[in-house]
Amino acid sequence: MLSIFLENRQLITEKGWIVSDPESPRWWGGLESYEEIIISSILVQMTRWETVAEVIENMRQRGYTNIRSLASLSEDEILSIIRKVNFSRTKAKRLRALAIEASKYPTLKEFVKYGLRDLEGIGDETYYSLLLFVGNETQFPPSEYGSRVMSRVTSMRIPKSRVRETIESNLERDLFKYKLFHSGLVTVGRTSCFKEPKCGKCILKMICKLNNNNEALRI
C-alpha cells in the first residue's frame with residue numbers, strides 16, 4: 001500500500017497532504033509551522049479545509065498563528081478573526097484555552113504530548129494526529145477513513161478503536177511511512193472509499209478484497 005501511495009502522491013497532494021521531508025509541517029495542507037497545524041486542527045472540525053486555509057492565512061498575516069500572540073487575545077477578538085468557520089464561537093473559546101495552556105510549556109512538542117489531551121475539543125483522532133504531525137512521534141491516528149479503507153482492503157472488520165493497534169503492529173515505525181500511510185488512507189476515503197464505494201476509480205482497487213470479492217463492508 002505504501003508503494004501505491006507513493007506512486008499517487010499527486011492525488012494525495014490534491015487532497016491537502018503535501019508529501020514532504022519527514023519532519024516538515026507542510027504535510028498538513030502545506031501549512032508553514034507546527035503552530036498553524038495545531039490551530040487548524042480546531043478550526044477544521046465540521047468545516048471545509050478551503051475555509052480553514054483562508055482563515056489561517058488571515059491569522060498569519062496578522063501575526064496570530066503564533067501561540068503566545070493568540071493567547072493574548074480575548075475570546076471575542078479571536079471570534080472576530082475566525083467567523084468564517086462553522087461553530088466559530090465554540091472554536092474561539094477552545095482556541096483561547098489551547099493557546100493559554102500551550103504557552104505554559106517550554107516547547108510545542110511538550111505541550112502536544114503532555115498538555116493537549118485533556119483540552120475541550122481534542123478527541124483521540126486529533127490528539128494522535130498532532131502527536132504524529134507536530135510531535136513527530138510514530139503514533140498512528142485512528143480515523144473513520146482508516147477503519148473503512150483497512151476493513152475493505154483486508155476483508156476484516158477493523159473498527160476505529162483498533163486502527164492504531166492494527167497499523168502499528170504491521171508497519172515499520174518510520175515517521176515518513178506513518179505520515180504517508182495516514183495521508184494515503186484519508187485520501188482514499190475522500191476520493192473513492194465512501195459508504196457506497198466507487199471502486200473503479202480507487203487507487204487500491206488491485207489489492208482490495210472488497211473490489212475483488214464484491215462483498216461490501218458497510219462501516
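Before reading on, note that the structure itself is shown above.
Predicted model only: the values in this text are computed from it and were never measured. (Residues numbered from 1 in each chain as written. Predicted model: local features only at pLDDT ≥ 70, side-chain atom pairs only at ≥ 80, totals over all residues. Heavy atoms only, no water.)

**Side note on the state of the cysteines**
Heads up, the condition is: When the sulfur atoms of two cysteines come within 2.5 Å, that pair is taken as a disulfide. Partly exposed residues are those whose accessible area sits between 20% and 50% of the maximum for their type, while under 20% is buried and over 50% is exposed, using a 1.4 Å probe and protein chains only.
For the coordinates displayed, the defined rule picks out zero disulfides. Just so you know, Cys199 is unpaired, no disulfide at all, and the nearest cysteine sulfur is the one on Cys208, 6.0 Å from it. Accessibility expressed as a relative area gives 7% for Cys208, which makes it buried.

**Description of the pattern of salt bridges**
So the rule is basically this: Salt-bridge detection follows one rule: a side-chain nitrogen of Lys or Arg within 4 Å of a carboxyl oxygen of Asp or Glu. Numbering of helices and strands runs from the N terminus; a helix is a DSSP stretch of H or I covering at least four residues, while a strand is a stretch of E covering at least two.
Counted under the stated rule, the structure contains 14 salt bridges. Salt-bridge contacts for Arg89 lead to Asp76; the nearest nitrogen and oxygen are separated by 3.6 Å. Note that Arg89 is positioned in helix α7 (residues 88-102) and Asp76 in helix α6 (residues 75-82), a separation of 13 residues in sequence. Among the salt bridges present, the one from Arg173 reaches Glu168, with a minimum N-O distance of 3.0 Å. On the basis of relative accessible area, Glu168 is assigned to the buried category, the value being 17%. A single salt-bridge network, built from bridges that share partners, covers Glu32, Glu36, Glu57 and Arg60.

**Considerations on empty space enclosed by the protein**
Going by this rule: As defined here, a cavity is a set of points on a 1 Å grid over the protein atoms alone where a 1.4 Å probe fits but cannot get out. A pocket is an open set with protein on both sides within 12 Å along at least five of seven lines, and residues line them when an atom is within 4 Å of a point. Grid points are joined across faces, edges and corners, and a volume is the space filled by probe spheres set on the points. Under the grouping applied here, Gly and all other residues not named as nonpolar or charged are polar, the nonpolar ones being Ala, Val, Leu, Ile, Met, Phe, Trp, Tyr, Cys and Pro and the charged ones Asp, Glu, Lys and Arg.
On inspection of all chains with the given rule, the structure shows one cavity of 30 Å³ or more. A volume near 90 Å³ is recorded for the largest cavity. Lining of the largest cavity is provided by 15 residues; of these, Cys193, Cys199, Cys202, Cys208 and Leu210 occupy positions nearest its centre. When contributions to the lining of the largest cavity are tallied by element, the ones reaching two or more residues are α10 (144-154) and α13 (209-213). The element that contributes the greatest number of residues to the lining of the largest cavity is α10, accounting for three residues. Considered class by class, the residues forming the lining of the largest cavity number 10 nonpolar, two polar and three charged.

**Points about the packing of aromatic side chains**
Rules: Here the aromatic set is Phe, Tyr and Trp, taking the six-membered ring for Trp, and pairing holds for ring centres within 6.5 Å; pairs whose planes are under 30 degrees apart are stacked, those over 60 apart are edge-to-face, and all others are tilted. Whether a charge sits over a ring depends on NZ of Lys or CZ of Arg being within 6 Å of the ring centre and within 35 degrees of the ring normal.
Per the counting criterion, the structure on display carries nine aromatic pairs. Measuring from ring centre to ring centre gives 5.4 Å for Trp17 and Phe133, while their planes differ by 35°; the resulting arrangement is tilted. With Trp17 in the loop between α2 (9-14) and α3 (34-43) and Phe133 in helix α9 (residues 124-133), the pair connects residues that are 116 residues apart, well separated along the chain. As far as burial versus exposure is concerned, Trp17 and Phe133 are alike and both buried. Relative to Tyr128, the ring of Tyr127 has its centre 5.0 Å away and its plane inclined at 70°; by these criteria the two rings are edge-to-face. We classify Tyr128 as buried; its relative accessible area is 13%. In textbook terms, an aromatic cluster arises when at least three aromatic residues are bridged by ring pairs, as seen for Phe5, Phe140, Tyr178 and Phe181. The side chain of Arg164 reaches across the aromatic face of Tyr128, ending 3.9 Å from its centre.

**Digging into α7**
Rules: One less than the residue count of a helix, multiplied by 1.5 Å, gives the span that helix is expected to have. The contact rule is simple, with two residues in contact once any of their heavy atoms fall within 4.5 Å.
When the terminal C-alpha atoms of α7 are compared, their 20 Å separation across 15 residues agrees well with the 21 Å that a helix rising 1.5 Å per residue should span. Every buried residue of α7 is accounted for by Ser88, Lys91, Ala92, Leu95, Leu98, Ala99, Glu101 and Ala102. Packed against the buried residues of α7 are α3, α5 (67-71), α6 and α8 (108-115).

**Structural notes on the environment of Met59**
Relative to the assigned elements, Met59 resides in helix α4 (residues 49-61). C-alpha of Met59 to C-alpha of Ile82: the two residues are 23 residues apart in sequence and 8.4 Å apart in space. Leaving out residues up to four positions away in the same chain, Met59 has contacts with Ile39, Leu43, Tyr64, Thr65, Leu70, Ile81 and Ile82.

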